[in-house]
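Chain by chain, the residues:
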Amino acid sequence: MKKIFIVFVSMFILGMSYTHTSAKSSSKNIPICIDPGHQSKQNLEKEPVAPNSKVMKAKVTSGTIGVKTKLPEYKLNLEVALKLKKELLKKNYKVYMTRESHNVNISNAERAKYCNSKKVKLTVRIHADGSTDRKVEGISVLYPNSKSTVSINSQSKKSASLMLKSLIDTTKAKKSYGTGLVPRTDLTGFNWSTTPVILVEMGFMSNVSEDQKLSSSSYQKKLVDGMIKGIDSSLK
Ligand SMILES: [Zn+2]
C-alpha cells in the first residue's frame, strides 16, 4: 500500500513538473500574422511602395502559375497558409490571416497595415517563385532592409535566417539565389510593416518537379513543419 502511495505521489509530482514546464514553453497567445500572397484577381491600381514615397507600385499582382500542375500561386499559397494556421493554433499561437478565401481585394500595403494593427510578433508572407529558366529551383526567405523599416530590419533578418535553416532541414530543398536569404528594399508589403516580417518563397512553380512537389500534401507537410520550427525558434 505504501509503495503504491509513493508511486502515486511520484507520478503526481512528475505530472506537476511536466505541466509546469509545458506551460512555461507554451506559445500561448503569441500573435502571428500569415499573409497568403496574391488573390484570384490582381489589382493593378497603384499605391506608394513605402510611407511618404513617391514611387508607386501595383496594389497586388496575380502571382505565378504551376508549369505542370497549372495551379495558380494564390491557391497554393492559401492551401499551405491554412495548414500552417491549423498547426500554429494547436501550439496556442494567436493567428491572424490577411485572407482566408481567394476572391478578396487587399493590397500589399493594406495587408501589412492589418498585421501591424494586430501588434504581431512576426508576419509570415507565403509565396511561390517563378523563373523563365525552368532549371532554377529551391527555397528562399526574404526580409526587409530599407530605411522605412529600420526598426524591424534586424529582427526580421534573424527570423528569416532561422526560417530558412529549418525549411532546408525539413524539406532538403536547395537554397535559391545563392544563400537563400534575400534582403529587399522594394516590396510594399515589407515597407509598410512596423512589426517583424519575412516572406517565404516555397519553391519554383516554373520547375516541373518542384511544381509537382509543392502541390503534394506530403511536401506541404514538410514545408509547414519547417515554418513552425522557424517561427518557434525565432520567437524564443
Ligand atoms: Zn508571389
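Residue numbering note: each chain is counted from 1, following its sequence as written. With pLDDT at 70 or above as the cut-off, local features in this predicted model cover only qualifying residues; side-chain atom pairs require 80 or more to be listed or tallied, and sums for whole chains, interfaces and linings still use all residues. Side-chain measures were taken over the full set of non-hydrogen atoms in the model, leaving aside hydrogen atoms and water.

Quick word on the overall build of the chain
Threshold: Helix and strand definitions here come from DSSP, where helices need a minimum of 4 consecutive H or I residues and strands a minimum of 2 consecutive E residues; each element is numbered from the N-terminal end. Relative accessibility under 20% of the residue-type maximum defines a buried residue, over 50% an exposed one, and the middle range a partly exposed one, all with a 1.4 Å probe and only protein chains included. Any two residues whose heavy atoms approach within 4.5 Å at even a single point are treated as in contact.
Of regular secondary structure, the chain possesses seven helices and eight strands. For the chain, buried positions account for 47% of its 236 residues. Taking the contacts inside the chain whose residues are at least 6 apart along the sequence as the reference set, 78% of them involve residues at least 24 apart.

Examining unusual backbone geometry
Positive phi is not limited to glycine here, since asparagine 29 has a value of about 65°. Here asparagine 29 is to be found in the loop between helix H1 (2–25) and strand S1 (31–36). You will see that lysine 119, though not glycine, has its phi angle at about 50°, which is positive. When you line up the elements, lysine 119 lands in the loop between helix H3 (108–117) and strand S5 (122–129).

Topic: the confidence of the model for the chain
Spelled out, the test is: The pLDDT value tells you how sure the predictor is about a given residue, anywhere from 0 up to 100.
Mean pLDDT for the chain: 92, with 89% of residues reaching 70 or above. This stretch, residues 17–24, has a pLDDT under 50; its non-local contacts, to residues over four places away or in other chains, come to zero contacts.

Some thoughts on empty space enclosed by the protein
Here is the rule we go by: Cavity means a closed set of points on a 1 Å grid over the protein atoms alone, one where a 1.4 Å probe fits but cannot get out, pocket means an open set with protein on both sides within 12 Å along at least 5 of 7 lines, and lining means a residue has an atom within 4 Å of a point. Grid points are joined across faces, edges and corners, and a volume is the space filled by probe spheres set on the points. In this classification, Asp, Glu, Lys and Arg are treated as charged, Ala, Val, Leu, Ile, Met, Phe, Trp, Tyr, Cys and Pro as nonpolar, and every other residue, Gly included, as polar.
This model, assessed by the stated rule, comprises one cavity of 30 Å³ or more. Approximately 40 Å³ is the volume attributed to the largest cavity. Forming the walls of the largest cavity are Asp35, Thr98, Asn108, Arg111, Ala112, Cys115, Thr123, Arg125, Gly189, Ser193 and Val197. Among the elements of the structure, H3 and S5 are those that each provide at least two residues to the lining of the largest cavity. Here the lining of the largest cavity takes four residues from H3, the largest share from any one element. Along the lines of polarity and charge, the residues of the lining of the largest cavity split into three nonpolar, five polar and three charged.

Observations concerning the sheet that holds S5
Operational definition: Two strands pair under a simple rule: DSSP has to find at least two bridges between them. Helix axes use the C-alpha atoms of the stretch in contact, all axes being lines fitted to C-alpha atoms, and the angles between their N-to-C directions lie in the range 0 to 180 degrees.
The six strands are arranged S4-S1-S5-S8-S6-S7 in an open sheet whose pairing can be described as mixed. Either end of the sheet is taken by a strand with one partner, and the two such strands are strand S4 (94–97) and strand S7 (181–184). Put simply, the sheet's adjacent strands are angled 25° from each other on average, direction ignored. Sheet strands touched by H3: S1, S4 and S5. Its angle to S1, the strand with the most contacts, is close to 165°.

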